[in-house]
Amino acid sequence: MLNILWPLFIILSILFSIISGNVENINKAITTSTESAITLTLTLIGSTCLWSGIMEIASNTKIIDILNNFLKKIIKKVFSNINKNAQNKIIMNIIANILGLGNAATPLGLQAMEELQKDNIKKDKLSDNMMMLIVLNTASLQIIPTTVISIRTALNSEEPTKIIFPVWISTICSLIVGIMITKLFIKVDKN
Amino acid sequence: MIKIKLINYISVLAVPLAILIIISFGMKEKKNVFDLFLNGAKKGLEITITIFPTLIGLFFSIGLLNNSGIIDYITKLIEPILSFVRFPKEILPLALLRPISGSASLAIATDIIKNNGVDSIIGLIASVIMGSTETTLYTITVYCSCLKIKNTRKIIIPAILADITGIIVSILICNIIFA
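Computed from a predicted structure; not experimentally measured.

**Student:** Can you break down the side chain of B:Arg153 residue by residue, with the values?
**Tutor:** Along the polypeptide, B:Arg153 turns up in the loop between α7 (136-145) and α8 (156-178). Side-chain polar atoms of B:Arg153 contact the side chain of A:Asp128, separated by 2.8 Å. Within the local environment of B:Arg153, its side chain forms a polar contact with the side chain of A:Asp189, the two groups lying 2.7 Å apart. The contact partners of B:Arg153, leaving out residues within four places of it in the chain, are A:Lys125, A:Leu126, A:Ser127, A:Asp128, A:Met131, A:Phe185, A:Ile186 and A:Asp189.

**Student:** Talk me through the packing of aromatic side chains; I want residue IDs and the actual numbers.
**Tutor:** Considering all chains together, one arrives at three aromatic pairs over all chains under this definition. Ring plane angle 50 degrees and centroid distance 6.3 Å describe the contact between A:Trp6 and B:Phe60, whose orientation is recorded as tilted. Of this pair, A:Trp6 sits in helix α1 (residues 2-19) while B:Phe60 sits in helix α2 (residues 33-67), on two different chains. Relative accessible area serves as the criterion here: at 33%, A:Trp6 is assigned to the partly exposed category. The class of B:Phe60 is partly exposed, set by a relative accessible area of 22%. Over the ring of B:Phe25 we find B:Lys28; its NZ or CZ atom is 5.2 Å from the centre of that ring.

**Student:** I'd like a rundown of the pattern of salt bridges, residues and numbers included.
**Tutor:** Under the criterion given, the structure shown has eight salt bridges over all chains. Across the pair A:Asp128 and A:Lys190 runs a salt bridge whose closest N-O atoms are separated by 2.3 Å. You can see A:Asp128 sitting in helix α6 (residues 128-138) and its partner A:Lys190 sitting in helix α8 (residues 164-190), a full 62 residues away along the chain. Look at A:Lys190 and you get exposed, because its relative accessible area is 57%. In this structure, A:Asp189 engages B:Arg153 in a salt bridge whose closest nitrogen and oxygen atoms are separated by 2.7 Å. Placement of the pair is A:Asp189 in helix α8 and B:Arg153 in the loop between α7 and α8, with the two residues belonging to separate chains. Each member of the salt-bridge network shares a partner with another, and the members are A:Asp128, A:Asp189, A:Lys190 and B:Arg153.

**Student:** Lay out the interface of chain A and chain B in plain terms, naming residues and giving numbers.
**Tutor:** The interface of chain A with chain B comprises 103 residues on the first partner and 94 residues on the second. Among the residues chain A hides against chain B, the three largest losses belong to A:Met1, A:Ile57 and A:Thr138. Together they make up 8% of the total. Linking chain A with chain B are four salt bridges. Scanning the region where chain A abuts chain B turns up 23 residue pairs in polar contact (both at pLDDT 80 or more). For the side of chain A that touches chain B, the secondary structure elements donating two or more residues are α1, α2 (23-59), α3 (63-78), α4 (84-98), α5 (102-118), α6, α7 (146-154) and α8 of chain A. If you tally residues by element for the side of chain A that touches chain B, the top one is α2(A), at 24 residues. Classifying every residue of the side of chain A that touches chain B by side-chain character gives 57 nonpolar, 33 polar and 13 charged.

**Student:** Quick one: what's the story with the confidence of the model for chain A, residue by residue and with numbers?
**Tutor:** Across chain A, pLDDT averages 91, with 100% of residues at or above 70. The lowest-confidence element of chain A is α7(A), averaging 88 in pLDDT; the highest-confidence one is α6(A), averaging 96.

**Student:** An account of the environment of A:Ala139 is needed here, citing residue identities and associated values.
**Tutor:** Here A:Ala139 lies in the loop between α6 and α7. For the pair A:Ala139 and A:Ile172, spaced 33 residues apart in sequence, the C-alpha separation works out to 8.6 Å. Here A:Ala139 is in contact with A:Leu175 and B:Glu134, once residues within four sequence places are set aside.

**Student:** Describe in detail the side chain of A:Ser17, supporting the description with residues and values.
**Tutor:** Positionally, A:Ser17 belongs in helix α1. In this structure A:Ser17 touches A:Asn22, A:Val23, A:Ile26 and B:Ser68, once residues within four positions along its chain are discounted.

**Student:** Give a detailed account of the nonpolar core, specifying residues and quantitative values.
**Tutor:** A:Met55, A:Phe79, A:Ile90, A:Met113, A:Leu126, A:Leu133 and A:Ile134 are the most contacted members of the largest nonpolar core, which totals 66 residues. Non-local contacts of A:Ile90, meaning those with residues more than four positions away in its chain, are made with A:Ile75, A:Phe79, A:Ile82, A:Ala112, A:Leu116 and A:Leu133. Counting 29 residues, the second-largest nonpolar core is a separate cluster that includes B:Leu94, B:Ala109, B:Ile112 and B:Val118.

**Student:** An account of the packing of α4(A) against α6(A) is needed here, citing residue identities and associated values.
**Tutor:** Residue and element names in this part refer to chain A. One way to put it is that α4 packs onto α6 with a least axis distance of 11 Å and a crossing angle of 10 degrees. Taken together, the axes of α4 and α6 lie roughly parallel to each other. Residue-level contacts link Ile 90, Asn 93, Ile 94 and Asn 97 of α4 to Leu 133, Leu 136 and Asn 137 of α6.

**Student:** Run through a positive patch on the surface, naming residues and quoting values.
**Tutor:** All names here are of chain A. Positive charge collects at one region of the surface, where Lys 72, Lys 73, Lys 76, Lys 77 and Lys 84 lie side by side. Per-element accounting of the positive patch gives the leading share, four residues, to α3. Turning to its location among the elements, Lys 84 is positioned in helix α4.

**Student:** Quick one: what's the story with the environment of B:Tyr143, residue by residue and with numbers?
**Tutor:** Position of B:Tyr143 relative to the elements: it lies in helix α7. According to the relative accessible area criterion, B:Tyr143 is buried, its value standing at 2%. Spatially, the C-alpha atom of B:Tyr143 lies 36 Å from that of B:Asn115, the residues being 28 residues apart in sequence. The residues touching B:Tyr143, leaving out its near neighbours within four places in the chain, are A:Asn93, A:Ala105, A:Thr106, A:Gly109, A:Leu110, A:Met113, A:Leu133, A:Ile134 and A:Asn137. Of the polar contacts made by the side chain of B:Tyr143, one reaches the side chain of A:Asn137; its length is 3.3 Å.

The rules we used
- Residues numbered from 1 in each chain as written.
- Chains lettered and ligands numbered in written order.
- Predicted model: local features only at pLDDT ≥ 70, side-chain atom pairs only at ≥ 80, totals over all residues.
- Heavy atoms only, no water.
- Helix = DSSP H or I, 4+ residues; strand = E, 2+ residues; numbered from the N terminus.
- Polar contact = N/O pair within 3.5 Å; in protein donor to acceptor, adjacent residues only side chain to side chain.
- Contact = heavy atoms within 4.5 Å.
- Phe/Tyr/Trp six-rings, centres within 6.5 Å; stacked < 30°, edge-to-face > 60°.
- Buried < 20%, exposed > 50% of the residue type's maximum accessible area, 1.4 Å probe, protein only.
- Lys NZ or Arg CZ within 6 Å of the ring centre and 35° of its normal.
- Salt bridge = Lys/Arg side-chain N within 4 Å of Asp/Glu carboxyl O.
- Buried area = accessible area lost by both parts, 1.4 Å probe.
- Nonpolar A, V, L, I, M, F, W, Y, C, P; charged D, E, K, R; others polar.
- pLDDT = per-residue confidence, 0-100.
- Core = buried A, V, L, I, M, F, W, Y, C linked by side-chain atoms within 4.5 Å.
- Axes fitted to C-alpha atoms, helices over the stretch in contact; angles between N-to-C directions.
- Parallel < 35°, antiparallel > 145°, perpendicular 65-115°, else oblique.
- Patch = residues over 30% accessible without salt bridge, like charges linked within 9 Å, V, L, I, M, F, W, Y side chains within 5 Å.
- Areas by Shrake-Rupley, 256 points an atom, 1.4 Å probe, with all protein chains shown as cover.
- Lys, Arg positive; Asp, Glu negative; His and termini not counted.
- Charge placed at Lys NZ, Arg CZ, Asp CG, Glu CD.

Next up, the structure:
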C-alpha cells in the first residue's frame, strides 16, 4: 500500500508545487518534516515506555481476568481462533484506547500484532485477526475526547463537553461500518 | 455547569486512578511490580525505535503534501459536487486531511472552530469529527510496518469507508441535535 501511496504523495506534491510556483514551501517541508518526526519520537519514547511498563504490571495481575470477563463476548464476535496471549494484549489495547491513553494503546496494539503473527501462516500478509485489530484501532474508541474538549475550552466555548454524545454516536457508526466491511473483505478474499 | 465540572473531573481523574488501581493490584498479588514495569518499559523502547523509520518516511511525504497547496486545489475542485449534496464546504479540508495527518487536521480543525465560532454548527461538526475519527493512514502504516507486512489485503478501504461514515454521521447528528 505505502509502496504506492508514499511515492504518489511525494511526486504529486513536488510537481504541483513547481507548477503553482510554490517550491519554497516544499523546501521548508523537507527540512521541517524530519524535525517533527524526531520531536514526536522523543515525546513518544517517554510516555510509551511509561505506559508499556504500567500495562505490563496490569497484564500480570487479575485485572486482565476482570477485563477479559467484560470484553470476551465482543472479542469472540470480532476475532476468530485467537490465542490467550494475543487476546490479553488486544483487551489491554482496547482498554487503553477507551481510557484515551493513545500512547499506551499503540505499543499494546503492536505487541498484539506480534502475538497474532505467531499464528499467521503467511508472515508477510495480514491475517484476518490482524485486519480486525487494525480496524478497531483506526476507530477512535475513547470515551472522553480530551483533545477536542481542551481546544473547545481554550476557545471559550459555552459548553465544551456538548460534543461528547454526538462523538459516541459517530464513533459507533463508523466502527460498525468498519468491522462489517472488513468482515466482508475477509469473506471475499477467502472465496 | 455541574455536568461540565463532573465530566472534566472524571477525565482528570481517569489516568491517575487507572495507575493507582493497577499498582495496587500488583502489590496485593505480591508481584515484583518494579521488575514488571522495567520489562514493559523495555518493550516500549524497542517498539518506539522500530517505528522510527516509518515515522520519518510518513512525516516526510505528508509534510510535502500539506505544504504543496495540493489539498486546497483538490478542495476547490470537488467543492461544486459536494455543495450539490449539501456537504458543508468549510468542513471539506478537514475531511480530506483527517485520515492522513494528525497534526495538520488538528491545526485545520482548530482554525475552522475559531473562524466559524466554537459553538456554531460548523464549529461543532469539526469538533465531533476530530473526536470520533483517527489518523487512519498512520495507524495502518505503523501496524503493518512493525511486522514487515507486504500484503495489506486492502485494509485501507474498510478503514477509509469507516472514516467517511464517521464524517457523514458527525454532520448529520450535529444538524439533528444542535440545529
